[in-house]
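What follows is the residue order along each chain.
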Amino acid sequence: MQKTSDRNTAEEHVLAEAPTTITSLDPLDWGKFREQAHRMLDDMLGYTENIREQPVWQVIPDDVRARFRHDLPAKPTALADVHQEFMHSILPFTARNAHPGFMGWVQGGGNPVGMLAEMLAAGLNANVGGRDQIPLEVERQVTHWMRTLFGFPAEATGLFVTGTSMANFIAVVVARDTAIGSEVRRYGMTQQAQRLTAYASTATHGSIARALDCAGLGSDSLRLVPVDSRERVDLAALAQAVAADRAAGFTPFLVVGNAGTVDTGAIDDLAGLTQLCTQQQLWFHVDGAYGALAMLAPELASRLQGIEKADSLAFDFHKWAQVPYDAGFILMRDGARHQAAFATSCAYLSREEQGMSAGSPWPCDFGPDLSRSFRALKTWATFKVYGADAIGEVISRTCGLASYLESRILASPELELMASVELNIVCFRYRFGASVNPATEELANQLNRQIVVELQEAGAVAPSTTLIGSRVAIRAAIVNHRTSRTEMDTLIEAVLAAGRARRNNTPIMQHTQNNPQPRLDRHARVQQLDAQLNAPGEMAKDVEVALRFERAILLAQLGRSLEARSDHLKVLELDPAHQRNLTALGRLFVATNRLKAAQMVYAEAVRQYPNDIGCRVNLGSVLFEVEDYAAARIQYEAALQIDPEYSRAHGGMYYVLTRLGELQAAKEHQQKSFRQQNIFLNPYRGESQPIPVLLLVSSTGGNTPLEKLLDNRVFETYVVVTDFYDTRTPLPAHQLVVNGIGEVDVADEALIAAESLLAFTSAPVLNMPTTVRMTGRCENARRLGSLPGVITPATATFANERLGGPDGPAALAEQGFAFPLLLRKPGFHMGQHFVRVESSQDLAAAVAELPGAGLPGAEILAIEYLDARGADGCSRKYRVMMVDGQLYPLHLAISHNWKIHYFSAEMGDRPELRLEEEKFLTDMQSVLGDKAMTALKQVQEVVGLDYAGIDFGLSPQGEILLFEANATMIVQQPEEGEHWDYRRPFVDRIHAAVRQMLMRNAGAA
């Protein structure tokens, strides 16, 4: 709004709103006031509508703070100017809990309807401490709704308060009076011989101790009871504490159960607490500040079993119900006791049967406040306009987001999940090495605190910190109805980036060098679990499930896969729907290459949790591995129905559609996947200090699966998708860079990006991207064909459109091709999308068979057919690996089929062919001859890669018929069976050579 600068105009403007002689505070010109009011309302609606465009929080400049250090104003200021001061100096510098990125504390995001209702309440200016007025009926209406929701009896009473802290205080007072009598209201605790004690878990909110303090009992009257591994109160320890206090002469009177603890969202065993309190004749209060309203979500309500038996229940509407601040509530089972604890008789509060003093009892009879705002209106309006079902769906969705965040954390070895995710609070941290001693642990605590401050000041997301034991955790409380997976992804990527930047500059990991402590700690914990599982007596099923699941995870980390599998299967037997167990068991099967078993487990997870995106993607991934691309597609599509922005599902769809030949659709998913995340950390399974390595890959394929050679017991491998890498993101700390992009024909852009990325590292590089770019099929045919003893096939790239059209044969003839010839789709291997065309009449049909038909810009490689058949009519394809300047024989594949590769060779049932291969592996020089060996060494020198392979045949004259020479070839052990044992030592030899090369270049040899 334009400011008025002319003095006379300004004076007139001020006088129009605030006359010099005050007779009323109402405006003189209601029309102008209404215009200004509309502007103010529009500004706040616009603020809410565009909240995502604002930072969650920003540092308050000193000059802004200084504006709020002035003296009390004696003279008026125009409302428009005050409004502008609000917009410029107040609104930008709040802790925006309405922002979807606000997740540091359990605070709701408010809602537009509630904001308008608050305006209406302010306009009414109702004091709802008492009197016969309809605002009291609105509050009674909400009380009735809550009685019904929580299953409380008709005589139960309710009261709006500022928040759960005040509600807890009211509960303590009523419980105190019930225990020792109402005389305490007159004489206080000084006349009491009884020493009252209360009980709550160590995870309980601090307002309970404060309530005991304010009620005159002292905070020392609170006994903090230990919790279990899920942060729930230990019922046995609680019973022991109560018994010990009774024996010592104390009077136990109150037990507080938690329905959603402040740190982790844990829910105590409320049914168990009900039973204990009934047996011990103790007041049972539930602090349900935010978790109690999980009753609105049908799939969560069962977790609150026992809450209906509570003597009192405290909770906030301004948290999960999204009502604007403040709107706390206390629900009391026995209304008479509630009233007796607070009602008082004063002349000015006298009641009548008629008139304004009718309608007793009043809200002031149930709490300490006489002056009370109309909090009930915004709560009533929120439920009326949106409906309880919508609020319940919001609650369910925030818990779903917490599960998603948990899955992201568990998928990243750089992050550590610090506590079980019970509802919507997730506690985790960035790993800065092992916790060897208090000094290094404290440094890790400091670094995680720094990460949180950095995120808060950046303004995209704002988590907070808490302590789990003595360890600092990053805490994300997902309460806001506006929050989505976008904010979860932003949080993860921001924590990873901030953690990596600090990890590069901290010596903390030096303390873990060759440190056996993590392994010893795991062994010790397994022994503890063994003792618990083997203890005499009957064990509750949920306890056994928790212990066995933890044991399975630890055993897998220790490399004891068979024992881990046994425990996972036992958990499956006890609890077939245990989601984390199904996920972990599936991962274990994948890690041990039992893909069919993994498929069955993941399929069961999908059956149990059809709307869980992680289950869908896990099943899709394993279906992709077993090459059931159509079935994998179904799972990825289902995942994207759940969340259209989920990057892992887009990545899966990209690879599936590429295999299915739907290249245009694949490209769209590629963009959506890797723009969100382009650095991934493969899990490290070793015990001593890992060697950090960057593995560069392309999103478009053409990669060598080198992670199979980067032993995860030695190397900590960060996979960087170079064609989507943002150079503003710090690279993880590393000692070596391995370029895993092997095929320039499909990944040239990624190789160019890899060249640029190397400007940000001084570490040694294996397989330089510039060198790999020289190994395209056409380039190899040109530069290697001139070497003595080397025959390369003529190779050229053609547009699908041209080659599949009527002038396709002529186009080939122009380039000197004759039939038969080979057509290959770039980026595919192992015979996929690779065909032989016998004549010009077959050309169009062959082109149509390959992916990309009809797509503009799609290309095909035409390759001269080199006949590698011997006198027996079998084709022979040799593979020799080039590692660190040496040649190593890998295999010889023999088949009657022209399309011969290792996995389809006809050697399993023909011992004479296996014997021929064994001879090649044992004495490559004599089998190939001098001419071929000399040619191979020249090829190695010209190609110039640290790691690569050569596929070739032999001509009758002993020349090599070069099929391929690039870095895409992988070395892996043959299938099971004694008849393949002769191959294994040669594979081991190559693996050893690769490892030695890696170690030497990483400076760790």
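The structure displayed is predicted, hence computed values, not measured ones.

1. Structural notes on the layout of surface pockets
Reported here for the second largest pocket is a volume of approximately 740 Å³. Put simply, the parts of the chain that give the lining of the second largest pocket at least two residues each are α2 (30-49), α4 (79-90) and α5 (112-124). Ranked by residue count, the leading element in the lining of the second largest pocket is α5, at nine residues. In terms of residue class, the lining of the second largest pocket is made up of 17 nonpolar, nine polar and three charged.

2. With respect to the UniProt feature "repeat: TPR" (unreviewed entry) in the protein
As recorded in UniProt, the sites labelled "repeat: TPR" (unreviewed entry) are residues 613-646. As annotated, residues 613-646 has a helix share of 79% and a strand share of 0%, and its two end C-alpha atoms lie 8 Å apart.

3. As for the UniProt feature "modified residue: N6-(pyridoxal phosphate)lysine" (unreviewed entry) in the protein
Taken from the UniProt record, the annotation "modified residue: N6-(pyridoxal phosphate)lysine" (unreviewed entry) applies to Lys319. Under the relative-accessibility criterion, lysine 319 is labelled buried at 13%. Leaving out residues up to four positions away in the same chain, lysine 319 has contacts with Val106, Gly108, Ala289, Tyr290 and Val479.

4. Topic: the pattern of salt bridges
Enumeration over the complete set of coordinates arrives at 44 salt bridges. Notably, a salt bridge pairs arginine 140 with glutamate 137, separated by 2.7 Å at the nearest N-O pair. Residue arginine 140 and its partner glutamate 137 are both found in helix α6 (residues 134-150); the two are separated by three residues, about one turn of the helix. The class for arginine 140 is partly exposed, based on a relative accessible area of 31%. Here arginine 879 and aspartate 951 are joined by a salt bridge, their closest N and O atoms 2.7 Å apart. Of this pair, arginine 879 sits in strand β22 (residues 875-883) while aspartate 951 sits in strand β24 (residues 947-954), and the two are 72 residues apart along the sequence. Salt bridges here are not isolated pairs; linked through shared partners, they connect Asp530, Glu544, Arg548, Arg551 and Asp567.

5. As for the environment of valine 987
Tracing the backbone through its elements, the reader meets valine 987 in helix α36 (residues 984-1001). Overall, valine 987 belongs to the buried group, its relative accessible area being 2%. Sequence separation of valine 987 and alanine 546 is 441 residues, and the distance between their C-alpha atoms is 42 Å. In contact with valine 987, other than residues within four places in its own chain, are Leu890, Val971, Gln972, Gln973 and Pro974.

6. With respect to the sheet that holds strand β7 (residues 328-332)
On the basis of which strands lie adjacent, the open sheet formed by seven strands has the order β1-β7-β6-β5-β4-β2-β3 and mixed pairing. The open sheet is flanked by β1 (157-161) and β3 (222-225), the only strands paired with a single partner. Pairwise comparison of adjacent strand axes, ignoring direction, gives a mean angle of 20 degrees for this sheet. Sheet topology places strand β6 (residues 312-316) next to β7; five bridges connect them, and they run antiparallel. Bridge pairing in β7 links leucine 313 to leucine 331.

7. A few points about unusual backbone geometry
Peptide bonds are, in most cases, trans, and in most cases residues other than glycine have a negative phi. Each neighbour pair has its own omega, and for serine 360 with proline 361 the value is 0 degrees, a cis peptide bond. Secondary-structure assignment places proline 361 in the loop between α13 (335-342) and α14 (375-386). With a phi angle near 65 degrees, glutamate 231 is a residue other than glycine that sits in the positive phi range. With respect to the helices, strands and loops of the structure, glutamate 231 is situated in the loop between β3 and α10 (235-247). Its identity is not glycine, yet aspartate 884 carries a phi of approximately 55 degrees, on the positive side. Along the polypeptide, aspartate 884 turns up in the loop between β22 and β23 (886-895).

8. Topic: the sheet that holds strand β25 (residues 960-966)
On the basis of which strands lie adjacent, the open sheet formed by five strands has the order β17-β25-β24-β22-β23 and mixed pairing. Two strands close off the open sheet at either side, each with one partner strand: β17 (790-791) and β23. Where β22 meets β23, nine bridges bridge the pair, whose relative direction is antiparallel. Residue pairing across strands places lysine 877 opposite alanine 893, the latter belonging to β23. Against the sheet, helix α33 (residues 911-922) makes contact with β22 and β23, and its axis sits at roughly 170 degrees relative to β23, the strand it touches most.

9. Side note on the side chain of aspartate 316
Position of aspartate 316 among the secondary structure elements: in strand β6. Its relative accessible area of 1% is what places aspartate 316 among the buried residues. Separated by 2.4 Å, the side chains of aspartate 316 and lysine 319 make a polar contact. When neighbours within four sequence positions are excluded, aspartate 316 is seen to be in contact with Gly163, Thr164, Ala289, Leu293, Ala327 and Gly328.

10. Let's talk about empty space enclosed by the protein
This structure, assessed with the given rule, holds one cavity of 30 Å³ or more. The computed volume of the largest cavity comes to approximately 80 Å³. Lining the largest cavity, in full, are Leu706, Leu709, Leu710, Val738, Leu766, Asn767, Asp946, Tyr947, Val994, Met997 and Leu998. Ranked by residues supplied to the lining of the largest cavity, first place goes to α36 with three residues.

11. Re helix α22 (residues 595-608)
End to end, α22 covers 20 Å across 14 residues, agreeing with the expected 20 Å (1.5 Å per residue, within 8%). Three or more residues of α22 are buried, namely Leu595, Ala597, Ala598, Val601, Tyr602, Ala605 and Val606. Of the surrounding secondary structure, the elements contacted by the buried residues of α22 are α21 (579-591), α23 (613-625) and α24 (629-642).

12. What to know about the packing of aromatic side chains
Applying the stated criterion across every chain yields a total of 20 aromatic pairs. Taken together, a centroid distance of 5.1 Å and an interplanar angle of 75 degrees make the contact between tyrosine 290 and tryptophan 320 edge-to-face. Of the two residues, tyrosine 290 is situated in the loop between β5 (283-287) and α12 (298-301) and tryptophan 320 in the loop between β6 and β7; the sequence distance between them amounts to 30 residues. In terms of burial, tyrosine 290 and tryptophan 320 fall into one category: buried.

Cut-offs and rules
- Residues numbered from 1 in each chain as written.
- Predicted model: local features only at pLDDT ≥ 70, side-chain atom pairs only at ≥ 80, totals over all residues.
- Heavy atoms only, no water.
- 1 Å grid on protein atoms, 1.4 Å probe; cavity = no way out; pocket = protein on both sides within 12 Å on 5 of 7 lines; lining within 4 Å.
- Points joined across faces, edges and corners; volume = space filled by probe spheres on them.
- Helix = DSSP H or I, 4+ residues; strand = E, 2+ residues; numbered from the N terminus.
- Nonpolar A, V, L, I, M, F, W, Y, C, P; charged D, E, K, R; others polar.
- UniProt positions renumbered as here; feature names shortened; annotations may be inferred.
- Buried < 20%, exposed > 50% of the residue type's maximum accessible area, 1.4 Å probe, protein only.
- Contact = heavy atoms within 4.5 Å.
- Salt bridge = Lys/Arg side-chain N within 4 Å of Asp/Glu carboxyl O.
- Pairing = 2+ DSSP bridges.
- Axes fitted to C-alpha atoms, helices over the stretch in contact; angles between N-to-C directions.
- Polar contact = N/O pair within 3.5 Å; in protein donor to acceptor, adjacent residues only side chain to side chain.
- Expected span 1.5 Å × (residues − 1).
- Phe/Tyr/Trp six-rings, centres within 6.5 Å; stacked < 30°, edge-to-face > 60°.

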